[in-house]
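One letter stands for each residue in the lines below.
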Amino acid sequence: MGSVRVISTKLLCATKAKAAAAGPTGTLARAWSVCLGRGVCSSPWRLQSSMSAWLVDQYGSNEVLKFSDETPAPTVNSPNEVMVKVHATSLNPLDIAMRGGYGAKLLNLRRDPLSVVNSDREFPLILGRDVSGVVVDCGSEVTHFFPGDEVWAAVPPWKQGSLAEFVTLTEFEVSHKPKSISHTEAASIPYVASTALSALVNAAGLCKDRCADKRVLIAGGSGGIGTFSIQGLVRGLGADEVVNYMAEDAEEHLETMEKFDVVLDGVGGDTEQWAMGLLKPWSGAKYVTLVTPLLHDTDSLGLLNGTFHAGLSLHNTAFQSAISSGVFYRWGFYAPDGPALDEVRELVDAGKILPVVEAQFPFAQVPQAFQKLEEGHARGKTVVRVAEEDEEGQSEEMGQSDGEYQQEAEHK
């Protein structure tokens with residue numbers, strides 16, 4: 001049976017290469033040449049031992065970002081992995097936080113259980129959670145992707161990121177890129193969309209057959225879900241009415257409106273104190289926050305004490321909200337989910353979700369991109385063009401059209 005599978009994989013790879021050669025990625029598809037006997041689709045990239053990347057070898061501010069063109073290139077080490085040549089990535093507030101050491105203890109444990117006894121094993125780190133690019137290599141059990149496919153993905157925080165020429169992910173974390181947008185535009189969406197979708201579906205329980213007549217309030221944060229045309233995503237799930245409110249007078253204005261079935265909080269802080277009262281009491285309403293104390297507590301109190309303290313905080317808040325108003329209080333987290341990005345891709349190609357890019361930077365100016373994001377007041381994503389030969393234009397700040405672009409998306 002093993003030999004049959006190898007022959008099948010080789011035939012499938014060869015067929016895909018021939019088809020891809022006629023498309024926009026034909027050059028790349030013609031370049032990869034042979035499928036090895038073990039069933040791994042090989043390409044010339046497999047011979048590349050090093051790559052360019054921006055590294056962090058200690059936690060701190062922008063000064064810790066270092067460029068290296070001798071970073072070991074990732075390889076396909078698992079049958080279900082794909083290797084992606086990064087064309088573009090974008091920055092998220094999480095990248096700034098991780099640069100400073102946020103979540104280090106828990107994320108290091110997720111990367112390598114031995115980090116408990118050797119904390120230096122975490123470096124060097126490559127940041128960057130969004131990726132849009134092209135598959136250049138794939139494992140023997142990968143069935144949905146082939147070299148030459150244009151893909152996008154959200155890189156889990158415990159994996160090496162996309163501020164590099166190449167990144168390796170499992171096929172379950174990757175999705176085919178929307179055909180209607182460029183790599184630069186596509187790189188602005190995956191991580192925020194995956195996080196919001198995970199929170200809305202897994203924590204809030206929204207889905208296409210249970211969203212009729214639902215009213216959803218989204219409290220966006222600077223550089224986070226507030227920079228993403230999330231209305232299209234929520235409406236794609238079937239919600240009846242969606243309000244995205246980020247203004248300073250949010251509390252006063254929203255108190256005059258009809259109460260909501262779901263609140264998605266991407267701000268934290270004082271928002272929780274007043275937004276909880278905007279939910280319908282005793283009707284199964286849900287308050288989902290993306291700003292949780294888990295990683296902060298494990299960083300400051302250690303893994304065991306921090307986890308216990310965060311869990312106790314969740315229990316107390318959830319219990320209090322349940323007995324006082326019948327509201328379900330939950331935490332929302334990012335979860336890698338390629339099939340979920342398939343749904344987002346359909347919404348993008350249908351024009352229901354539009355990318356909102358505020359600034360672009362070439363790969364050589366990653367520190368400047370971080371500085372731009374740290375300034376706050378973002379109206380869209382900050383994108384880094386990694387493959388300059390595939391993207392046009394120079395580093396630029398987007399104009400008023402981006403704001404209009406976002407407003408257009410929010411009304412779809």
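Everything numeric in this text was worked out from a predicted model, so none of it was measured.

Topic: the overall build of the protein
Secondary structure summary: the protein contains 14 helices and 15 strands in total. The proportion of buried residues among the 412 residues of the protein is 54%. Residue pairs in contact within the protein that sit at least 24 positions apart in sequence constitute 73% of those at least 6 positions apart. With an accessible surface of roughly 18400 Å², the protein has 54% of that area assigned to carbon and sulfur atoms.

Focus on the environment of Ala196
Relative to the elements of secondary structure, Ala196 occurs in helix α6 (residues 190–203). Given a relative accessible area of 0%, Ala196 falls into the buried group. In this structure, the C-alpha to C-alpha distance between Ala196 and Leu264, residues 68 residues apart in sequence, is 8.3 Å.

A few points about the packing of α6 against helix α12 (residues 338–349)
Look at α6 against α12: their axes get within 10 Å of each other, and the N-to-C directions meet at 105°. Looking at the two axes, α6 sits roughly perpendicular to α12. For the pair α6 and α12, contact is made by Pro190, Ala193, Ser194 and Leu197 and by Ala340, Leu341 and Val344, respectively. By residue class, the composition of the contact of α6 with α12 is 6 nonpolar, 1 polar and no charged.

A look at the confidence of the model for the protein
Here the protein shows a mean pLDDT of 80. Residues at 70 or above account for 72%. Confidence, read as mean pLDDT per element, is least for helix α1 (residues 2–20) in the protein (38) and greatest for strand β5 (residues 150–154) (98). In this model, residues 1–40 is a region of pLDDT below 50 whose contacts with residues beyond four sequence positions or in other chains number 52 contacts. The low-confidence segment residues 390–412, where pLDDT is below 50, has 50 contacts with residues more than four positions distant or belonging to other chains.

A word on the nonpolar core
Among the nonpolar cores identified, the biggest contains 48 residues, and Val131, Leu163, Val366 and Phe370 are the most heavily contacted of them. Put simply, the parts of the chain that give this core at least two residues each are β1 (50–56), β3 (81–91), α3 (93–99), β4 (130–138), β5, β6 (166–170), β13 (357–362) and α13 (366–374). In contact with Val131, not counting residues within four places along its chain, are Val84, Val86, Ala88, Val151, Trp152, Ala153, Val155, Ser162, Val167, Leu169 and Pro190. Within the second largest apolar cluster, 25 residues are counted, among which are Ala199, Leu264, Ala340 and Val348.

Comments concerning the side chain of Thr89
Checked against the element boundaries, Thr89 lands in strand β3. A distance of 2.5 Å separates a polar atom in the side chain of Thr89 from the backbone oxygen of Asp130. Aside from chain neighbours lying at most four places away, what touches Thr89 is Gly128, Asp130, Ser162, Leu163, Ala187, Thr382, Val383, Val384 and Val386.

So, the pairing of strand β8 (residues 215–219)
Buried residues dominate β8, accounting for 5 of its 5 residues. What you see with β8 is no split at all: Arg215, Leu217 and Ala219 on one side and Val216 and Ile218 on the other are buried throughout. Bridge count between β8 and strand β10 (residues 262–265): 4 bridges; the pairing is parallel. Bridge pairing in β10 places Val216 opposite Val262.

A closer look at helix α10 (residues 294–301)
Those residues of α10 that fall on the buried side of the exposure criterion are Leu294, Leu295, Asp297 and Thr298. Down the axis of α10, the smallest arc covering the buried residues is 165°, so these residues share one side. Residues of α10 that are buried in the fold lie against α4 (104–111), α11 (303–325) and β12 (328–331). Backbone geometry just after α10 places Gly302 at a positive phi near 95°.

Thoughts on the pairing of β10
Of the two faces of β10, the one carrying Val262 and Leu264 and the one carrying Val263 and Asp265 are both buried. Bridging between β10 and strand β11 (residues 286–289) involves 4 bridges; their strand directions are parallel. Note on β11: the bridge partner recorded for Val262 is Lys286.

Some points on the packing of aromatic side chains
Enumeration according to the criterion identifies 6 aromatic pairs in this entry. Measuring from ring centre to ring centre gives 6.1 Å for Phe67 and Phe363, while their planes differ by 75°; the resulting arrangement is edge-to-face. Taken together, the positions of Phe67 in strand β2 (residues 65–72) and Phe363 in the loop between β13 and α13 put the pair 296 residues apart, joining distant regions of the chain. Of the residues examined, Phe67 reaches a relative accessible area of 43% and is grouped as partly exposed. With relative accessibility at 9%, the residue Phe363 sits in the buried group.

Definitions and limits used
Residues numbered from 1 in each chain as written. Predicted model: local features only at pLDDT ≥ 70, side-chain atom pairs only at ≥ 80, totals over all residues. Heavy atoms only, no water. Helix = DSSP H or I, 4+ residues; strand = E, 2+ residues; numbered from the N terminus. Buried < 20%, exposed > 50% of the residue type's maximum accessible area, 1.4 Å probe, protein only. Contact = heavy atoms within 4.5 Å. Areas by Shrake-Rupley, 256 points an atom, 1.4 Å probe, with all protein chains shown as cover. Axes fitted to C-alpha atoms, helices over the stretch in contact; angles between N-to-C directions. Parallel < 35°, antiparallel > 145°, perpendicular 65-115°, else oblique. Nonpolar A, V, L, I, M, F, W, Y, C, P; charged D, E, K, R; others polar. pLDDT = per-residue confidence, 0-100. Core = buried A, V, L, I, M, F, W, Y, C linked by side-chain atoms within 4.5 Å. Polar contact = N/O pair within 3.5 Å; in protein donor to acceptor, adjacent residues only side chain to side chain. Pairing = 2+ DSSP bridges. Arc of directions from axis to C-beta. Phe/Tyr/Trp six-rings, centres within 6.5 Å; stacked < 30°, edge-to-face > 60°.

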